[in-house]
Amino acid sequence: MTKPKCILAIESSCDDTSAAVIREGSLLSNVTHTQEVHKNFGGVVPELASRSHLSAILPVIDEALRKANCAKEEIEAVAVTRGPGLMGSLLVGVSMAKGLALGWNIPLIEVHHMEAHIMAHFIEAPHPKFPFLCLTVSGGHTQIVRVNGPASFEILGQTLDDAAGEAFDKTGKILGLPYPAGPHIDRLAQEGIVKFAFPKPQVQGLDFSFSGLKTAILYFLRLEKKKNADFVQENLNDICASVQSSIINILLGRLIEAAEREGLNEIAIAGGVSANSGLRKAAKTIANEKSWNLYIPQIQYCTDNAGMIAMAAWFRGQEELFAGLDMKPAPRLPMMH
Ligand code: KG4
Ligand code: ZN
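On a predicted model such as this, the values are computed, not experimentally measured, just so you know. (Residues numbered from 1 in each chain as written. Chains lettered and ligands numbered in written order. Predicted model: local features only at pLDDT ≥ 70, side-chain atom pairs only at ≥ 80, totals over all residues. Heavy atoms only, no water.)

1. Remarks on the site of ligand 1
As a matter of local geometry, ligand 1 sits amid 18 residues, with G139, D169, D186, N276 and D304 nearest to it. Contact between ligand 1 and G139: an oxygen atom at 2.8 Å from a main-chain N or O atom of the residue. D304 is positioned with one of its backbone polar atoms (N or O) 2.9 Å from an oxygen atom of ligand 1. A total of 550 Å² of accessible area belongs to ligand 1 in isolation, and the protein chains cover 89% of it. Broken down by class, the residue content of the shell around ligand 1 amounts to 5 nonpolar, 10 polar and 3 charged. Structurally, the shell around ligand 1 is a two-domain feature, drawing no fewer than three residues from each of domain 1 (6-119 + 301-318) and domain 2 (129-296). (Near = heavy atom within 4 Å. Polar contact = N/O pair within 3.5 Å; in protein donor to acceptor, adjacent residues only side chain to side chain. Areas by Shrake-Rupley, 256 points an atom, 1.4 Å probe, with all protein chains shown as cover. Nonpolar A, V, L, I, M, F, W, Y, C, P; charged D, E, K, R; others polar. Domains from an automatic or database assignment.)

The following block contains the structure:
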């Protein structure tokens, strides 16, 4: 097998069905169908997610090929997210990718979802220079990773319980906001002021903890609502601004510690939560103070998308790292496997 020049990539690990085409390291298309069915459930319903992937996946792939102006005969490898993610959701993407690889007689490339969030930084210039630090913040993960090369990662710290995105989403559920609440809290916080303080987690080293914050918010609101039943409605913007600021302070506090410990000033932020406008702004301010070279992808490459899978697959293809057709989706796939 040779290095593939043109790759079709598929992402279906959670609630976004996405396909992308990359040629010679340049992303030609990136089409994402976001599932709306979970909005009123306060989280992703796995069974509904897999069914929705099944109906969306073929149209999404067709659209990605059409937008890339690429005939299926030109595709030289199919890449897919192997994990981590929801088993039923991963199965849809992996089965589709295997079917295409078999039918078109081309190799299969497996991609780790969190590695792909990091490799999203290579979709558009300027790219971070190796070695760099990446704060990866999504709905399922919160990590600080030292990236030594395209396939060389060291996890320096990670969450011991909830991910940062979960902290946003669970707070949103308490506040009665639709799922996923992160973007709603972001929007509401823009009109609010930081008025309420929540205790900082007591965690050693570069690890994170967000479950205490969620409980603190729950108790705080319970107490306030006893005094004033309309407390949430009357203070929604300020509550959102305060919660968001607490989460940002925890994340960036650790990132500063990691940068100092590793002696690095090439700093990247990735994952769905890096779409947060408050985090982006606060990170830029710190970058100026600390003389960091800061990299945050465009929002469309921060949240789940197949463009990042395509980019990670491009690097793997250059190393001729292909998967067998017996590859199984792995909901808890470790980063170095
Ligand atoms: O990376 P991602 O799209 O999916 C996972 O791999 O989990 O991240 C989804 C998470 C959700 O928790 C969502 O609420 C959060 O990213 N998110 C945001 C924003 N946009 C998405 N959180 C805060 N502010 C945002 N603007
Ligand atoms: Zn993700």
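2. A word on helix α8 (residues 277-290)
An α-helical turn contains 3.6 residues, so any two residues separated by three or four positions project in the same direction. Spanning 14 residues, α8 covers 20 Å between terminal C-alpha atoms, matching the ideal 20 Å at 1.5 Å per step. Here the buried face of α8 lies against β6 (132-137), α5 (182-189), α7 (231-262), β9 (266-270), β10 (293-295) and α9 (299-302). Capping of α8 at its N-terminal end is provided by N276; its side-chain oxygen lies 3.0 Å from the backbone amide nitrogen of G278. Trailing α8 by a residue or two, S291 shows a phi angle of about 55 degrees, which is positive. (Helix = DSSP H or I, 4+ residues; strand = E, 2+ residues; numbered from the N terminus. Expected span 1.5 Å × (residues − 1). Contact = heavy atoms within 4.5 Å.)

3. A short note on the pattern of salt bridges
When their charged atoms lie close together, side chains carrying opposite charge are able to pair. In total, this model carries 18 salt bridges according to the counting rule given. Across the salt bridge formed by D162 and K214, the nearest N and O atoms sit 3.7 Å from each other. Placement of the pair is D162 in the loop between β8 (152-158) and α4 (164-175) and K214 in helix α6 (residues 211-227), with a sequence separation of 52 residues. By relative accessible area, D162 is classed as buried at 8%. Look at K214 and you get partly exposed, because its relative accessible area is 25%. Where K195 meets D238, a salt bridge forms, and the shortest distance between an N and an O atom there is 3.1 Å. Of this pair, K195 sits in the loop between α5 and α6 while D238 sits in helix α7, and the two are 43 residues apart along the sequence. Accessibility expressed as a relative area gives 13% for D238, which makes it buried. (Salt bridge = Lys/Arg side-chain N within 4 Å of Asp/Glu carboxyl O. Buried < 20%, exposed > 50% of the residue type's maximum accessible area, 1.4 Å probe, protein only.)

4. Brief notes about the nonpolar core
In this structure, F210, I247, L251 and I269 are the most contacted members of the largest nonpolar core, which totals 52 residues. Elements with a minimum of two residues in this core: β6, α4, α5, α6, α7, β9 and α8. Of the residues forming this core, the biggest block, 16 residues, is contributed by α7. Apart from the residues lying within four places of it in its own chain, the contact partners of F210 are T142, T159, D161, D162, A163, A164, A167, I247, I250 and L251. Core analysis: the second largest hydrophobic core is formed by 33 residues, I118, M119, V145 and A313 among them. (Core = buried A, V, L, I, M, F, W, Y, C linked by side-chain atoms within 4.5 Å.)

5. Some words on the coordination of the zinc ion (ligand 2)
Around the zinc ion (ligand 2), the protein contributes the donor atoms H113 (NE2), H117 (NE2) and D304 (OD), at 2.0 to 2.1 Å from the metal centre. Along the chain, the residues donating to the zinc ion (ligand 2) are arranged with the sequence spacing H-x3-H-x186-D. Here H113 and its partner H117 are both found in helix α3 (residues 113-119), 4 residues apart, which amounts to about one turn of the helix. The class for H113 is buried, based on a relative accessible area of 5%. H117 gets classed as buried once you look at its relative accessible area, which sits at 1%. (Donors = N, O, S within 2.8 Å, 3.2 Å for Na, K, Ca; no water.)

6. Structural notes on the packing of α4 against α7
Packing of α4 against α7 brings their axes to within 11 Å, and their N-to-C directions diverge by 165 degrees. Taken together, the axis directions place α4 and α7 in an arrangement best described as roughly antiparallel. The two elements α4 and α7 meet at a crossing, and its hand is right-handed. Along the contact surface, α4 presents A164, A167, F168, T171 and L175, while α7 presents V232, L236, I239, C240, V243, Q244, I247 and L251. (Axes fitted to C-alpha atoms, helices over the stretch in contact; angles between N-to-C directions. Parallel < 35°, antiparallel > 145°, perpendicular 65-115°, else oblique. Left-handed = near helix turned anticlockwise from the far one by under 90°.)

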